[in-house]
Amino acid sequence: MRNQYQERSTVIRIIFLTVGLIFIVRLAFMQVFDGEYRRLADNQALRPITQYPGRGLIYDRNGELLVYNEAVYDLMVIPKMVKNLDTNLFCNVVGITRDEFLTRMKKAKKYSTYAASIFMKQVSKEEYGAWQNHLYKFHGFYVQQRTLRVYDKPIAAHVLGYVGEVNQSDLDNDKYYKQGDYIGKSGLEKSYEEVLRGIKGKHIMHVDVHNREIGHYMNGALDTMAIEGGNLYTTLDAELQEYAEGIMANKRGCIVAIEPATGEVLAMVSAPGYDPNLLVGRVRGKNYLKLDSDENKPMLNRALIGQYPPGSIFKVAQAMIALDLGVITPQTGFVCDKSLVGCHNHPSARSVQEAIKMSCNPYFYQVYRRIIQQGKYKNIYKDAQYGLTVWHDYMLRFGFGQKLPIDLPRGGMSSGNIPDTAFYNNKRWYGRDKWAFSTIYSNSIGQGEVTVVPLQMANLACIVANRGYYITPHLVRYFGPDSTKNEEYYEKHETGIKPAYFEIAVNGMYDVVHGAGGTAHKANIPDIDVCGKTGTAQNSGDDHSVFISFAPKNNPKIAVAVYVENARGGGGTWAAPIASLVIEKYIRGEVTRKDFERMYREAAPCQKIKKKK
Amino acid sequence: MQTKIDWVTVLLYAVILIFGWLNIYAACYDEAHAAVFDFSTLHGKEMMWIGASLVIALIITLIDPHIFSSTAYLIYFAVIGLLILTLFIGDTTNGGTSWIKIGSFKFQASEFAKFATALALAKYMSTLDLDYKQIRTKIIAWAIILFPAGIIILQHDTGSALVFASFLLPLYREGMSAKILVIGLVAVVLFVLALLMEKIWVIAIIGGLALIALFYLFVWLNKRTMKHYIWVTALFLICTAYVFSVDLAFEKVLQPHQRERIDVLLGKADKETSKTGTGYNVYQSKLAIGSGGLIGKGFLNGTITKADFVPEQETDFIFCTVGEEWGFVGSTLLILAYIALLLRLVRLAERQYSKFSRFYGYSVAGILFIHILINIGMVLGLLPVIGIPLPFFSYGGSSLMAFTILLFIFLRQDQERTNLI
C-alpha cells in the first residue's frame with residue numbers, strides 16, 4: 001500500500017479550519033459588532049403604527065353629549081418603499097390627478113424618504129372601504145385611523161373651541177406631539193388638551209415584502225395600547241345655550257349666564273357665531289379663512305375678549321364701594337344736577353336704592369367724587385391719588401381689571417381696564433399731579449377710561465346675587481377618567497363689603513325691573529322676581545345696549561349679562577328683554593311670552609359694521 | 001471484518017439535517033400550514049425527502065461495498081447519459097436547463113453527477129501501477145472531471161459546474177503538484193486586485209515582488225545563474241499580461257449578470273444595484289443575518305426571512321434563517337458542525353487501506369467543502385452569488401439524496417475498510 005503525501009492532510013485540515021474561522025469572524029462583525037443591520041432590517045420589516053386614542057367626549061351639565069368622535073383614515077406614504085407603482089390605477093382609486101399625485105409625493109419626500117408622512121388626510125370610512133381592495137398593490141402606502149370631532153347640535157362653538165394640526169411651536173413645546181397630530185387650538189379643547197388627548201399607543205406590525213401586514217411583531221409583546229382621552233362634564237346647559245344663541249342669531253353681542261352660587265357658566269354666547277362642524281376635517285382650512293376674514297369676527301368670543309365701557313351698570317359697584325368706605329350712607333341723597341353731567345328726566349334720588357333704580361348720573365358723579373376726593377390730603381392731586389388707589393383696590397375685588405381665571409385659554413381673554421394712579425401718572429396720559437376728580441369723573445358712570453369684559457359684568461351680577469362674593473366662573477365641573485371634581489374653581493372670592501349694603505343694591509335692581517320709574521320694565525317676567533341694571537355704553541358707533549340681572553331675587557338661580565352692540569336704544573330696549581327671555585327659559589324651562597319672544601328673536605337692531613378698506 | 005459505521009459522522013449528519021429542516025420550517029412558516037406533516041408545504045415535502053434519504057442511506061449500508069468500485073464507470077456513464085438527456089428534454093427554468101420533469105416530480109441529474117464523478121475518478125486514480133507523472137494519466141483524469149462539468153455548463157448551471165473544482169482536493173492529496181493551487185490562488189488575487197485598483201499599481205506591486213525575489217536569489221541564495229533571472233522576468237511579464245487581460249476577460253467571458261454580481265461584491269456597483277438590483281439578494285441576506293445579533297430573534301421570529309424578503313430562502317439562502325433566528329451562536333455552531341464533519345471525513349479518509357476509498361473520501365470532503373465555502377461565503381457577502389445548495393441543509397430532494405448517497409457510500413466503505421484492500 002502506498003501512502004505518500006500523507007502530510008498533505010494537515011494542509012487540507014488547515015484550509016478547512018481557516019475557512020471556518022473566516023466565516024465566524026465575519027459573522028461576529030455582522031451580528032455582534034455592527035448594529036446597523038438590525039436598524040435597517042427593522043426599518044424594512046417592521047412598521048410602527050401609532051394608535052390614536054379617541055379624544056375625550058364633552059357633555060353638558062345634564063349629561064347631554066355635545067362633542068364626540070368619528071373615525072376617518074389618513075393615507076400614509078413611505079416614499080422609499082414606493083416601488084413599481086401603477087400611478088394611473090392609484091390616481092383612479094384615490095381620486096386625484098397625476099399632477100396632484102406628483103405634488104403630494106414631492107411634499108412627502110421633502111419631509112422624509114424613510115419615515116411615513118400623510119399623503120392624504122381624513123378619508124371617510126366609505127371612501128376607505130372602496131380603496132381596500134386595491135391598497136395592497138400600492139407598495140409604500142398604508143392607512144392609519146384617526147378621529148374627527150362631531151357636533152350634533154351646532155352650538156357653543158366659542159366655548160368648545162376647535163382642534164387642528166400641531167404647528168412647529170407645539171412640536172417644540174411638547175415632545176408628545178408628532179407631525180400631523182391634532183391639538184386643541186382654542187376653547188375647552190385647548191385648555192383641557194391634556195385631559196382630552198389621552199395617551200397614544202403604538203403597534204409594531206410585521207410587514208412582508210409585498211407591503212402586507214402579516215401580524216403583530218412578536219405577537220404584540222412590544223405593542224402599547226392607546227389610552228382614551230378623558231371626558232369633560234361641563235357646566236353648560238345645552239338647551240339654554242341653544243336658546244340664547246337662537247335669540248342672538250341676527251344680532252351682534254354676547255350673553256353670559258352663570259349660576260351665582262357655584263360660578264358655573266350656564267351659557268356663553270358670542271354673536272355672530274359659527275357652526276363648530278365647519279372647523280372639522282378637510283373643510284377646515286377653507287372655512288377658517290372665510291370666518292377669519294368676516295368683518296363681524298364670528299370666531300372671536302366677545303364674552304371674554306370684548307372690552308366695552310360698562311355704562312350705568314357700573315353704578316352698582318360704585319355705590320357698594322362708597323357705602324363701605326362710609327363716604328355716603330344708604331340714605332344719602334343728591335340733587336339731579338344736569339350741569340355736572342347729563343341725565344334723563346327723573347325726580348332726584350333720595351337714597352342709594354332710588355339712585356340705582358333711576359340710574360341718576362349726577363348722583364353717581366357725587367358718589368365718585370366722595371370716593372376719589374376723600375379729603376385725606378390737602379393737596380388735591382395727592383388726595384385724588386389716594387382716593388383712586390382705594391377705589392382701584394375695591395374694583396379688583398369685584399373681579400374687574402384682571403383676567404378672571406375661567407378655565408378657557410388665557411390668550412383669548414381681555415382684562416378690561418380699571419385705571420390706577422400709574423395709569424394717569426403716565427406722561428402719555430395726564431402725568432403726575434396733572435389729574436384729579438375733575439379730570440376723571442367720567443369713570444363714575446362707567447365711561448371714561450373704564451372698560452370691562454362681559455364675563456366680568458355677569459360676575460358683577462353674581463356678586464350682587466350672592467350679596468358680596470363670587471365663585472370663579474368656570475365651564476367644567478368634572479373631568480377625566482375618574483370624573484375628578486374641578487375643585488380649584490369652587491373657591492369663594494369675597495369683596496369684603498357687608499351683605500347689608502348689597503341688600504340695598506338688590507332692592508335697587510329689583511326696582512329697576514319692577515318699580516315705578518325703573519329703567520327695565522321689559523325685563524319683567526310674570527311670577528319671577530327679576531333684579532337687573534341697565535346700561536348704555538357710549539362708543540364710536542351707536543350705543544351698546546347693556547343689561548345685567550339675576551333671578552329670583554331670593555336664592556338666585558341664574559345671573560345674566562347681555563351686551564347688544566351698536567343697538568339704537570338703551571339697555572332697557574334690547575339687552576333687558578333678551579336677558580329676561582334667557583332667565584325665563586332657564587327657570588321655567590320654557591318661555592310663556594311667545595309674542596314677546598318672537599319680537600326679540602326676529603329683531604336685528606345692530607348697526608352694520610362698515611367694511612374696512 | 002466488518003466494523004461499526006462511523007457514528008460521529010452519522011450524528012453530525014443527523015444534527016445538520018434536523019437543524020436544516022427546522023430552518024426550512026421557519027423559512028416557509030405560515031400559521032395556516034403549521035402542521036409538520038403537511039405535504040403541500042415545503043417543510044412537509046422536505047420531511048418526505050429526508051425519509052427517502054434515510055431509506056437510501058440504509059440500503060447503502062446493506063449492500064456489498066465492492067460494488068461501488070466495480071460499477072463506478074457504469075454509474076458514471078449512466079449519469080453522463082442523464083445529463084445529456086437533460087439537455088434535450090430538460091425543463092428550462094431561470095435560464096437553466098437542469099431539471100428532468102416526470103409528472104410532478106423534478107430530478108436534477110447534475111446533483112448525482114458529483115458522486116458519480118467521484119466514483120469514476122477514484123476508480124481511475126486507484127488503477128494499479130498508474131503513473132501519475134504521465135501526460136496521458138493527467139489527460140484522462142481531467143477528462144473524467146471536465147466531461148460532466150462541460151455538459152453542466154451547457155445547461156447554464158455554472159454554479160454546479162464550479163463544484164467539480166473540488167476534485168483538486170483529492171488530487172492534491174494524492175500528489176498533484178501544489179503549484180497548480182498556488183497559481184490558481186495568485187490568479188484569483190490578481191483578478192480581484194486588477195478589478196479594484198488601477199492597473200499600474202497592481203503591476204507596481206508585482207514588479208516590487210519580482211525585485212524582492214531577484215534580490216533574495218542574488219544575495220542570500222547566491223544562485224546567479226541566468227535560468228533564475230529568466231524565470232523571474234518571465235513570471236513578471238506573464239502576470240502583467242494577465243492583469244491587462246483581466247478587463248477583457250471580465251467583459252467578454254463573463255455574462256452581464258455575473259459581472260454585476262462581482263461588482264456588487266467588490267463594492268463597485270451603485271447603491272441602487274447593490275440594494276434593489278442584482279445585489280438585492282445579498283443585501284437582504286446580510287440584513288437578515290446581521291440583524292440576528294448574538295442570540296438571534298428566536299425560532300419563527302425572523303422579521304426578514306419570515307416576510308419573504310430573501311428570495312430562494314429555503315434553498316440557496318437558507319443560512320439567512322439561521323443567522324436571523326439563531327444569531328451568532330446558532331450560526332457559529334452550524335459552521336463548527338460543518339468543519340467538524342469535514343475534519344472527520346479527512347480522518348476517515350486517512351484510515352482507509354484502499355486507495356479507491358481514500359480518494360473517494362477526499363472527494364466527498366472536497367465536494368462538501370466547496371458547497372459550504374461558496375454557499376456561506378455568498379450569503380455573508382464574501383463571494384459572488386453562485387447558486388449552489390448548502391449540503392444536508394437547503395431544501396431540495398435531488399440535492400439531499402445525492403449528498404446522502406455521496407456520504408454514505410464512503411461511510412459504507414469505511415465500515416468495511418479492512419475488507420477493501
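Source: prediction; values computed, not measured.

Caption draft 1: Structural view of the overall build of chain A. For chain A, the count of helices and strands is 22 helices and 19 strands. Taken against the 2.2 N^0.38 rule, which gives 25 Å for 613 residues, the C-alpha radius of gyration of chain A at 34 Å runs more than 25% over that of a compact globule. For the C-alpha atoms alone, the extent of chain A along its principal axes is close to 145 × 55 × 50 Å. By residue count, 55% of the 613 residues in chain A fall in the buried class. For chain A, contacts bridging at least 24 residues in sequence account for 69% of all contacts bridging at least 6. With the model as given, the accessible surface of chain A reaches about 26900 Å², and the carbon-plus-sulfur share is 50%.

Caption draft 2: Layout of the domain arrangement of chain B. What the domain assignment lists for chain B is domain 1 (7–176 + 271–415) and domain 2 (184–253). Averaged C-alpha coordinates put domain 1 of chain B and domain 2 of chain B at centres separated by 36 Å.

Caption draft 3: Examining the domain arrangement of chain A more closely. All names here are of chain A. Its domain assignment divides chain A into domain 1 (47–234) and domain 2 (238–573 + 580–602). Here domain 1 and domain 2 have C-alpha centroids that lie 44 Å from each other. Facing 36 residues of domain 1, the contacting portion of domain 2 comprises 39 residues. Both faces combined, the contact of domain 1 with domain 2 buries some 3000 Å², and carbon together with sulfur accounts for 59% of it. It is Arg 61, His 158 and Tyr 162 that lose the most area in domain 1 upon contact with domain 2, and together they represent 26% of the buried surface on that side. Put simply, Glu 242 and Lys 153 hold a salt bridge, and the shortest N to O gap is 3.3 Å. One can count 17 residue pairs in polar contact (both at pLDDT 80 or more) joining domain 1 with domain 2. For the side of domain 1 that touches domain 2, the secondary structure elements donating two or more residues are β4 (117–123), β5 (141–150), α6 (157–160), β6 (163–165), α8 (187–191) and β10 (232–234).

Caption draft 4: Spatial organisation of the nonpolar core. In this structure, Met 268, Trp 391 and Phe 398 of chain A are the most contacted members of the largest nonpolar core, which totals 142 residues. Two domains each donate at least three residues to this core, and these are domain 1 (47–234) and domain 2 (238–573 + 580–602) of chain A. Each residue touching Trp 391 of chain A, except ones within four places of it in the same chain, is listed here: Phe 314, Gln 318, Ile 321, Tyr 368, Ile 371, Ile 372, Ile 418, Pro 419, Asn 443 and Val 450 of chain A. In this structure, Trp 49, Ala 57, Phe 167 and Leu 348 of chain B belong to the second largest nonpolar core, which totals 125 residues.

Caption draft 5: Just the packing of aromatic side chains, in detail. All names here are of chain B. Here the structure, examined in full by the defined rule, presents 47 aromatic pairs over all chains. Seen in terms of ring centroids, Tyr 25 and Phe 299 are 6.3 Å apart; in terms of plane orientation they differ by 25°. Their pairing is stacked. Taken together, the positions of Tyr 25 in helix α1 (residues 7–27) and Phe 299 in the loop between α14 (280–290) and α15 (319–350) put the pair 274 residues apart, joining distant regions of the chain. Using a relative accessible area of 34% as the deciding quantity, one classes Phe 299 as partly exposed. With a centroid separation of 5.0 Å and 15° between ring planes, the pair formed by Phe 107 and Phe 112 is classed as stacked. Overall, Phe 112 belongs to the buried group, its relative accessible area being 11%.

Caption draft 6: The arrangement of the sheet that holds strand β1 (residues 46–51) of chain A in detail. All names here are of chain A. With respect to topology, three strands assemble into an open sheet ordered β1-β8-β9, the strand pairing being antiparallel. Either end of the sheet is taken by a strand with one partner, and the two such strands are β1 and β9 (213–216). With strand direction ignored, the average angle separating the axes of adjacent strands in the sheet is 40°. When β1 meets strand β8 (residues 201–207), the two strands line up antiparallel, connected through six bridges. Each residue of the ladder has a partner; that of Leu 46, found in β8, is His 206. Its contacts with the sheet place helix α2 (residues 36–45) against β1 and β8, and it is angled at close to 60° to β1.

Caption draft 7: Examining the sheet that holds strand β19 (residues 558–564) of chain A more closely. All names here are of chain A. Here we have five strands laid out as an open sheet, ordered β12-β11-β19-β18-β17, and antiparallel in their pairing. With partners counted over all chains shown, the strands left at the sheet margins are β12 (264–271) and β17 (531–537), one partner each. Going across the sheet, the axis of each strand differs from the next one's by a mean of 5°, ignoring polarity. The strands touched by helix α10 (residues 238–247) are β11 (253–259), β12 and β19; relative to β12, the strand with the most contacts, the crossing angle is about 25°.

Caption draft 8: Examining the interface of chain A and chain B more closely. Counting residues at the interface gives 38 residues for chain A, matched by 57 residues for chain B. Taken as a group, Phe 16, Phe 23 and Gln 31 of chain A account for 18% of the area that chain A buries against chain B, more than any other trio of residues on that side. At the boundary of chain A with chain B, the tally comes to zero salt bridges. Counting the contacts that link chain A with chain B gives eleven residue pairs in polar contact (both at pLDDT 80 or more). For the side of chain A that touches chain B, the elements supplying multiple residues, two or more each, are α1 (8–33), α2 and β8 of chain A.

Caption draft 9: The arrangement of the side chain of Asn 466 of chain A in detail. All names here are of chain A. Turning to its location among the elements, Asn 466 is positioned in the loop between α19 (454–465) and β13 (469–471). For Asn 466, a relative accessible area of 13% corresponds to the buried category. For Asn 466, the side chain forms a polar contact with the main-chain oxygen of Pro 260, separated by 2.9 Å. Look past the residues within four positions of Asn 466 in its chain and what remains in contact with it is Pro 260 and Ala 261.

Caption draft 10: Structural view of the packing of helix α9 (residues 178–196) of chain B against helix α11 (residues 226–252) of chain B. Residue and element names in this part refer to chain B. Axis separation between α9 and α11 bottoms out at 9 Å; the angle between their running directions is 65°. Crossing geometry of α9 relative to α11 is assigned as right-handed. Between α9, through Ala 187, Leu 190, Phe 191, Ala 194 and Leu 195, and α11, the contact on the second element is made entirely by Cys 239, Tyr 242, Val 243, Val 246, Asp 247 and Phe 250. A class-by-class count of the residues in the contact of α9 with α11 yields ten nonpolar, no polar and one charged.

Caption draft 11: Region of the structure containing the environment of Val 346 of chain B. Mapped onto the fold, Val 346 of chain B is located in helix α15. The buried category is assigned to Val 346 of chain B, whose relative accessible area is 0%. Separated by 15 residues in the primary sequence, Val 346 of chain B and Gly 361 of chain B place their C-alpha atoms 7.3 Å from one another. Contacts of Val 346 of chain B, omitting those with residues within four sequence positions, involve Ser 9, Ile 12, Arg 13 and Phe 16 of chain A together with Tyr 362 of chain B.

Caption draft 12: Quick look at unusual backbone geometry. Residue and element names in this part refer to chain A. Of the consecutive residues Ala 271 and Pro 272, the connecting peptide bond is found in the cis state with omega at -5°. The residue Pro 272 is located in the loop between β12 and α11 (284–293) in this model. Each neighbour pair has its own omega, and for Ala 551 with Pro 552 the value is -15°, a cis peptide bond. Position of Pro 552 relative to the elements: it lies in the loop between β18 (544–551) and β19.

Caption draft 13: Region of interest: the side chain of Asp 511 of chain A. All names here are of chain A. With respect to the helices and strands, Asp 511 occurs in helix α20 (residues 499–514). An unpaired buried charge is present at Asp 511: no salt bridge exists, and Lys 357, the closest side chain of opposite charge, is 5.4 Å distant. The contact partners of Asp 511, leaving out residues within four places of it in the chain, are Gln 353, Lys 357 and Gly 518.

Caption draft 14: Here's a closer look at the environment of Pro 310 of chain A. All names here are of chain A. Inspection of the secondary structure assignment puts Pro 310 in the loop between α12 (302–305) and α13 (314–325). With a relative accessible area of 0%, Pro 310 lands in the buried category. Separated by 141 residues in the primary sequence, Pro 310 and Thr 451 have C-alpha atoms spaced 6.1 Å apart. When near neighbours in sequence (up to four residues on either side) are disregarded, Pro 310 contacts Gly 446, Val 450, Thr 451, Val 452, Met 457, Val 546 and Tyr 563.

Caption draft 15: Fine view of the state of the cysteines. Summed over the entire model, instances satisfying the criterion amount to zero disulfides over all chains. Of all cysteine sulfurs, the one in Cys 606 of chain A lies closest to Cys 254 of chain A, which takes part in no disulfide; the gap is 11 Å. The class for Cys 254 of chain A is buried, based on a relative accessible area of 1%. For the unlinked cysteine Cys 320 of chain B, the closest cysteine sulfur is that of Cys 28 of chain B, found at 14 Å.

Caption draft 16: Structural view of the pairing of β4 of chain A. Residue and element names in this part refer to chain A. A large share of β4 lies buried, amounting to five of its seven residues. Bridge count between strand β3 (residues 65–77) and β4: four bridges; the pairing is antiparallel. Residue Val 77 lies in a different strand from β4, and its bridge partner there is Ser 117.

Caption draft 17: Broad picture of the packing of α14 of chain B against α15 of chain B. All names here are of chain B. At a minimum axis separation of 6 Å, α14 and α15 run at an interaxial angle of 30°. Judged on the interaxial angle alone, α15 and α14 are roughly parallel. Between α14 and α15, the contacting residues are Ser 285, Ala 288 and Ile 289 on the first element and Phe 319, Cys 320, Gly 323 and Glu 324 on the second.

Caption draft 18: Up close: helix α6 (residues 135–154) of chain B. All names here are of chain B. Taking 1.5 Å of rise per residue, the 20 residues of α6 would be expected to cover 28 Å, and the 27 Å separating its terminal C-alpha atoms lies within 8% of that figure. At Leu 146, α6 shows its largest kink, close to 30°, and the proline Pro 148 lies no more than four residues downstream. Buried residues of α6: Thr 137, Ala 141, Ile 144, Ile 145, Pro 148, Ala 149, Ile 151 and Ile 152, and no others. On its buried face, α6 is in contact with α4 (72–89), α5 (109–125), α7 (158–162) and α8 (168–173). After α6 finishes, the residue His 156 shows a positive phi value of roughly 60°.

Each value, and the rule that gives it
Numbering of residues starts from 1 in every chain and runs along the sequence as written. Chain labels run from A onward and ligand labels from 1 onward, assigned in the order the entries are written. Where local features are concerned, this predicted model is filtered to residues with pLDDT of at least 70; where side-chain atom pairs are given and counted, the filter is 80 or more; whole-chain, interface and lining totals use all residues. Side-chain metrics rest on all non-hydrogen atoms present in the structure, leaving aside hydrogens and water. In this text, helices come from DSSP runs of H or I with a minimum length of four residues, and strands from runs of E with a minimum of two, each type numbered from the N-terminal end. The atom set for the radius of gyration is the C-alpha atoms, and the globule formula is 2.2 Å times the number of residues raised to the power 0.38. Three exposure classes are used, based on accessible area relative to the maximum for each residue type with a 1.4 Å probe and protein chains only: buried under 20%, partly exposed in between, and exposed over 50%. The contact criterion used is simple: two residues touch if any of their non-hydrogen atoms lie within 4.5 Å. With residues, only the protein chains shown are counted as cover, and all accessible areas are computed by Shrake-Rupley using a 1.4 Å probe. Domain start and end points were adopted from an automatic or database domain assignment. Two parts placed together each lose some accessible area; with a 1.4 Å probe, that loss summed over both constitutes the buried area. Put simply, a salt bridge is a Lys or Arg side-chain nitrogen that is within 4 Å of an Asp or Glu carboxyl oxygen. Here a polar contact is taken to be a pair of N or O atoms separated by no more than 3.5 Å, where protein atoms must pair a possible hydrogen donor with a possible acceptor and residues adjacent in sequence count only if both atoms sit in side chains. Definition used in this section: a nonpolar core is a set of buried Ala, Val, Leu, Ile, Met, Phe, Trp, Tyr and Cys residues joined via side-chain atoms within 4.5 Å. Whether two aromatic rings pair depends on their centres lying within 6.5 Å, for rings of Phe, Tyr and Trp, where Trp uses its six-membered ring; planes under 30 degrees apart make the pair stacked, over 60 edge-to-face, and the rest tilted. Here, any two strands with at least 2 DSSP bridges between them count as paired. For every element, the axis is a line fit to its C-alpha atoms; helices are fit only across the contacting stretch, and the angle between N-to-C directions ranges from 0 to 180 degrees. The crossing is said to be left-handed when, going from far helix to near helix, the turn is anticlockwise and less than a right angle, and right-handed when the turn is clockwise. Lys, Arg, Asp and Glu make up the charged group, whereas Ala, Val, Leu, Ile, Met, Phe, Trp, Tyr, Cys and Pro make up the nonpolar group; the residues left over, Gly among them, are polar. Positive: Lys, Arg. Negative: Asp, Glu. His and the chain ends are not part of the count. Here, a disulfide means two cysteine sulfur atoms that sit within 2.5 Å of each other. Any angle between 65 and 115 degrees counts as roughly perpendicular, while under 35 counts as roughly parallel, over 145 as roughly antiparallel, and the rest as oblique. A helix is expected to reach a length of 1.5 Å times the quantity of its residues less one. What is called the bend at a residue is the angle between a pair of axes, fitted to the seven residues leading up to and ending at it and to the seven starting from it.

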